[in-house]
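# Chains, contacts and geometry: an overview
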Amino acid sequence: MHNQLAMNDPVPVITLDGPGGSGKGTVCLLLAEKLRWHILDSGSLYRLTALESMQKNVSDEAQLIEIANNMDIDYRPDGARLKVLLSGQDVTDAIRAEPVGSKASEIAAIAGVRQALLERQRAFAVSPGLLADGRDMGTVVFPHAALKIFLTARPEERAKRRYKQLKEKGIDANLPELVAELEARDKRDSERSAAPLKAADDAVLLDTTEMSIDEVVNQVLRMANQCFGTSVV
Ligand code: DC
């Protein structure tokens, strides 16, 4: 984890992997604000591929790969968040809907889709640093990252967090359905052969079930300061 050469890395990268609802997204946003680093929300790329395939009614593998390669996407700062554009349309909320998440998890099992998104993801690593949020950030996309974190939390707690997030965005949600969907998604994400959800051997594991977001952020910041020589509080 604490690579001695980390301070000399051209672009410092912190990977945050873990299942849905483990807190990665929120933690990444808060850390990015504190460190003034960039964010890669890799799940959004799978969600964008899913949304475009749903809009075009495409499910053939070759066509899905073509979408992943060629979709026109853009991220724009919008207050503390990022606005997500697909072919110029604001799809920030549309990609968060549960059917899009399920479809994203389905197509994320296709090796060709993952390959198509690989370079797009690596291109996010620009100065002064990157917080990479996903499932395979530490294992596949940024295997040389100097600091790798793997966040977990109990499924019921993760479903509750997702429920709250969706409700806050005015998106309709049902808690028992969310628990079932999360468990199905975890199973699919962990059991697929292409880059399954798993902690890198050199990742720090953090169970966030009983932790507040601030506690998680502070713990990761302490590790980042130690690893990259930053002194952010
Ligand atoms: O993090 P999320 O819920 O937005 O991700 C949506 C789906 O995309 C998730 O079920 C699995 C897939 N995904 C992936 O396979 N690899 C990533 N690095 C990020 C997401």
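Structural notes, computed from the coordinates.

Calculation notes
Residues numbered from 1 in each chain as written. Predicted model: local features only at pLDDT ≥ 70, side-chain atom pairs only at ≥ 80, totals over all residues. Heavy atoms only, no water. Near = heavy atom within 4 Å. Polar contact = N/O pair within 3.5 Å; in protein donor to acceptor, adjacent residues only side chain to side chain. Areas by Shrake-Rupley, 256 points an atom, 1.4 Å probe, with all protein chains shown as cover. Helix = DSSP H or I, 4+ residues; strand = E, 2+ residues; numbered from the N terminus. Nonpolar A, V, L, I, M, F, W, Y, C, P; charged D, E, K, R; others polar. Axes fitted to C-alpha atoms, helices over the stretch in contact; angles between N-to-C directions. Parallel < 35°, antiparallel > 145°, perpendicular 65-115°, else oblique. Left-handed = near helix turned anticlockwise from the far one by under 90°. Contact = heavy atoms within 4.5 Å.

### Observations regarding the site of the ligand
- By nearness alone, 18 residues border the ligand, and R47, R114, R135, D136 and R192 come closest of all.
- Between the ligand and R192, the relevant distance is 2.9 Å, taken from an oxygen atom to a side-chain nitrogen or oxygen of the residue.
- Burial of the ligand by the protein chains amounts to 98% of its free accessible area of 440 Å².
- Of all the secondary-structure elements, those providing two or more residues to the shell around the ligand are α2 (42-55), α4 (98-107) and α8 (175-191).
- Top element by residues in the shell around the ligand is α2. It accounts for 4 residues.
- For the shell around the ligand, the residue count by class is 4 nonpolar, 4 polar and 10 charged.

### Thoughts on the packing of helix α1 (residues 24-35) against helix α9 (residues 213-228)
- For the pair α1 and α9, the least separation of the axes is 10 Å and the interaxial angle reads 50 degrees. Here α9 runs oblique to α1, going by the angle between their axes. The chirality of how α1 crosses α9 is right-handed. In contact with T26, V27, L30, L31, K34 and L35 of α1, α9 contributes I213, V216, V217, V220 and L221.
- Residue composition of the contact of α1 with α9, by class: 9 nonpolar, 1 polar and 1 charged.

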